[in-house]
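Geometric and topological summary
The chain contents come next:
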Amino acid sequence: MPESVKPNSPREGPFTPVSWLVIGVAAAVGCSAGIGLATLNYRGTETARGARRSEAGARLGSQPRVLWSVDTRQKAVALTFDDGPDPRITRKILAILHRHGARATFFVEGRNAARYPELIRAEIAGGHEIANHTFNHRDFQFNSIEMMRREVAHTGGVIEKITGARPRYLRPPRGHLHLDALKLADRLGYQVVMWSIGFERVKGFTLAQDADIVARNLRPGLIVLAHDSSPTRAWVPKALPRLIRKIQARGYRIVTVGELAEMQGT
Ligand SMILES: [Zn+2]
């Protein structure tokens, strides 16, 4: 089994392994938590080793099959938002991104894109990137590959109809990196994109601390997971300005996944 499809992949939600890793770092444990995927560790040597292992384990043409982070020395990170668009939250996020000159990749659910095409157009107008997160947020782990093919293809069609462009990136719901997700991505011409660090509520921490955890643990080429869905993510617009300010204060640019991917090896 390729390195990147081992079943211990991180999952979306407040207590993902990534969150625990972040908590571990924040608690100054002093070393990266071992969670089975070296590319998720933050020490440079392990990141490099992980990149080589995943390179050997799974490649799709010239691209890594699964993008967890980008190997670059440029001070840039990708900010990604899953599960939208949502009229109660997405415009707030777009306004914040605009105010700070930041760009993001939105992994949208097809059902939400179809319902709120004006929000997709607003994302495009803001210079952001639209990517595929299936139609109904169905899980690769529990549905047939034919069901998932329909989910992904339908969403791709909805996005293309609104934006005029076919999305390039696919993120499996809940981060369940099933082998079917990779096979389907191959068939439909998608690059699978996961994430390196999650912007999540951490029990016992303030919103400010949640933002600070992410900002403190940045490395060039990381992909940050956030959400623009409600009501459970209504806190995101409250904490996002601080996160962005902190990231930019460290000299990092905030870019789309596509822009970050172009920095590979630079
Ligand atoms: Zn999701």
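The structure contained in this document is the topic of the report that follows. No experiment lies behind these values; they were computed from the predicted model shown.

**Details of the pairing of strand β10 (residues 223-227)**
A large share of β10 lies buried, amounting to 5 of its 5 residues. The two faces of β10 match: I223, L225 and H227 on one face and V224 and A226 on the other face are all buried. Here strand β4 (residues 76-82) runs beside β10; their pairing, made up of 5 bridges, is parallel. For L79, the partnering residue across the bridge sits in β10 and is V224. One ladder, built from 2 bridges, connects strand β9 (residues 197-198) with β10; its direction is parallel. For I197, the partnering residue across the bridge sits in β10 and is V224. Once the chain exits β9 it traverses helix α8 (residues 207-216) before rejoining the sheet at β10, and the crossover so formed is right-handed.

**As for the environment of L184**
Of note, L184 is situated in helix α7 (residues 179-188). Along the sequence, L184 and M148 sit 36 residues apart, while their C-alpha atoms lie 8.0 Å from each other. Excluding residues within four positions of it along the chain, L184 makes contact with F140, I145, M148, R149 and V152.

**What to know about the packing of helix α3 (residues 90-100) against helix α9 (residues 236-249)**
As a packed pair, α3 and α9 sit with axes 10 Å apart at the nearest point and diverge in direction by 20°. Judged by the angle between their axes, α3 and α9 are roughly parallel. Crossing handedness for the pair α3 and α9: right-handed. Contacts between α3 and α9 involve K92, I93, I96, L97 and H100 from the former and V236, P237, L240, P241, I244, R245 and Q248 from the latter. Residues belonging to the contact of α3 with α9 are distributed by class as follows: 8 nonpolar, 2 polar and 2 charged.

Conventions we followed
Within every chain, residues take consecutive numbers counted from 1 along the sequence as written. Reporting in this predicted model follows two pLDDT cut-offs: at least 70 for local features of residues, and 80 or more for side-chain atom pairs to be given and counted; totals over whole chains, interfaces and linings ignore these cut-offs and use all residues. As a rule here, side-chain values cover all heavy atoms of the structure and leave hydrogens and water aside. When a residue's accessible area, from a 1.4 Å probe over protein chains only, is under 20% of the maximum for its type it is buried; when over 50% it is exposed; and in between it is partly exposed. Counting from the N terminus, the helices are DSSP H or I runs at least four residues long and the strands are E runs at least two residues long. DSSP-based pairing: two strands are paired if at least 2 bridges between them are found. Every crossover in which the path from the first strand over the helix to the second runs clockwise, viewed with the strands pointing away from the viewer, is termed right-handed. For this analysis, residues touch if any pair of their heavy atoms sits within 4.5 Å. To get an axis, a line is fitted to the C-alpha atoms, and for a helix only the part in contact is used. The angle between two axes follows their N-to-C directions and goes from 0 to 180 degrees. Between 65 and 115 degrees an angle is taken as roughly perpendicular, under 35 as roughly parallel, over 145 as roughly antiparallel, and anywhere else as oblique. For any helix crossing, the convention is left-handed if the near helix is rotated counterclockwise from the far helix by under a right angle, and right-handed if that rotation is clockwise. Note that Gly is not counted as nonpolar here; it falls among the polar residues with everything else outside the nonpolar set of Ala, Val, Leu, Ile, Met, Phe, Trp, Tyr, Cys and Pro and the charged set of Asp, Glu, Lys and Arg.

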